[in-house]
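# Understanding the architecture of this molecule
One letter stands for each residue in the lines below.
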Amino acid sequence: MSASGRALILCTSPRSGSTMLCRLLQATGVAGAPESWFHRPDAFDWLRGLGLTAPDGATEREAAALAFEGARAAGTRGGVFGLRLQRHSFAYFRARLAEVHPRPAGDAARMRSAFGPALFVHLSREDAAAQAVSYEIARQSGLWHRHADGAELERLAPPAEPEFDLEALRARREELSAWDADWRAWFAAEGVSPVRARYEDLAADPAGVLRGILAALGADPAAADGVAPATARLADARSRDWADRLRCSG
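Small disclaimer: the values here were computed from a predicted structure and weren't measured. (Residues numbered from 1 in each chain as written. Predicted model: local features only at pLDDT ≥ 70, side-chain atom pairs only at ≥ 80, totals over all residues. Heavy atoms only, no water.)

### A look at the sheet that holds strand β3 (residues 80–86)
Read from one edge of the open sheet, 5 strands run β2-β3-β1-β4-β7, paired in mixed fashion. Of all the strands in the sheet, the pair left with one neighbour each is β2 (76–77) and β7 (195–198). With 5 bridges connecting them, strand β1 (residues 7–12) and strand β4 (residues 118–124) associate as parallel partners. Each residue of the ladder has a partner; that of Cys11, found in β4, is His122. Here helix α5 (residues 107–115) sits on the sheet in contact with β1, β3 and β4, set at roughly 120 degrees to β4. (Pairing = 2+ DSSP bridges. Helix = DSSP H or I, 4+ residues; strand = E, 2+ residues; numbered from the N terminus. Contact = heavy atoms within 4.5 Å. Axes fitted to C-alpha atoms, helices over the stretch in contact; angles between N-to-C directions.)

### Describing unusual backbone geometry
The residue after Arg103, namely Pro104, is reached through a cis peptide bond having omega 5 degrees. Residue placement: Pro104 occurs in the loop between α4 (90–100) and α5. The residue Arg15 is not glycine, and still its phi comes out positive at about 65 degrees. Here Arg15 shows up in the loop between β1 and α1 (18–28). Using a relative accessible area of 13% as the deciding quantity, one classes Arg15 as buried. (Buried < 20%, exposed > 50% of the residue type's maximum accessible area, 1.4 Å probe, protein only.)

### Quick notes on the pairing of β7
The alternating pattern of β7 places Val195 and Ala197 on a buried face and Arg196 and Arg198 on a face that is not buried. Both β4 and β7 contribute to a ladder of 4 bridges, which runs parallel. Looking across to β7, one finds that His122 is bridged to Arg196.

### Examining the sheet that holds strand β5 (residues 143–147)
Taken in spatial order, the 3 strands of this open sheet run β6-β5-β8, and their pairing is antiparallel. The outermost strands of the open sheet, each flanked by one partner alone, are β6 (152–155) and β8 (231–232). The sheet contact formed by β5 and β6 spans 3 bridges and is antiparallel. Note on β6: the bridge partner recorded for His145 is Glu154.

### Side note on the packing of aromatic side chains
All chains considered together, the criterion is met by 18 aromatic pairs. On the numbers, 6.0 Å between centres and 80 degrees between planes, the contact of Phe68 with Phe93 is edge-to-face. Of this pair, Phe68 sits in helix α3 (residues 60–74) while Phe93 sits in helix α4, placing them 25 residues apart in sequence. Each member of the pair, Phe68 as well as Phe93, is classed as buried. (Phe/Tyr/Trp six-rings, centres within 6.5 Å; stacked < 30°, edge-to-face > 60°.)

See the structure below:
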């Protein structure tokens, strides 16, 4: 099956390597330009993020419809539309999707109606303790991603020194694990068999994971040749120590 005309929908949760994977996919030129086009729970904010505006008096449904069209145009590369969905913002997205595409029934069918025949990819992180630590250090420090050369890529707050907080880390681990379980339950309920990808495999062999996704999409796996991660890992001795302390706490 040709990849052209398809959608690649990446279903994930924070600190699972999705920024790395999105950039790898985009760099191939044949797997779309996946981004979190519908990240915030506000259809008008979706439009602002796309550089679009709604007509005066537009309803939330009308804004969502415009955003779906705008995102499909912005996220298409090589004939493939790319989309990243984070679980914590999924409920609002699916509500707007149901308003704009009430038929056919079911989230997955509506996504196909909106974006084309879809390949779903479930990216998860097996080590929930390391994932929770990564999230908390990013949240506290304000630094979420670095370029491959070490320069800052995404900072959401002024620099601050993270402090170990066991209860916060436990709560974050529970939340992240619940989001991943929610995705698995959603796939089962929708009858979707996603491509499974793990953060651990992506970190160890990004080209191998990328080739597998391209093959499942119907694209040439050779498009992964020469594509290198554009982001750097943020894990260091502190994050490894925090993760060990979290695991030992039960």
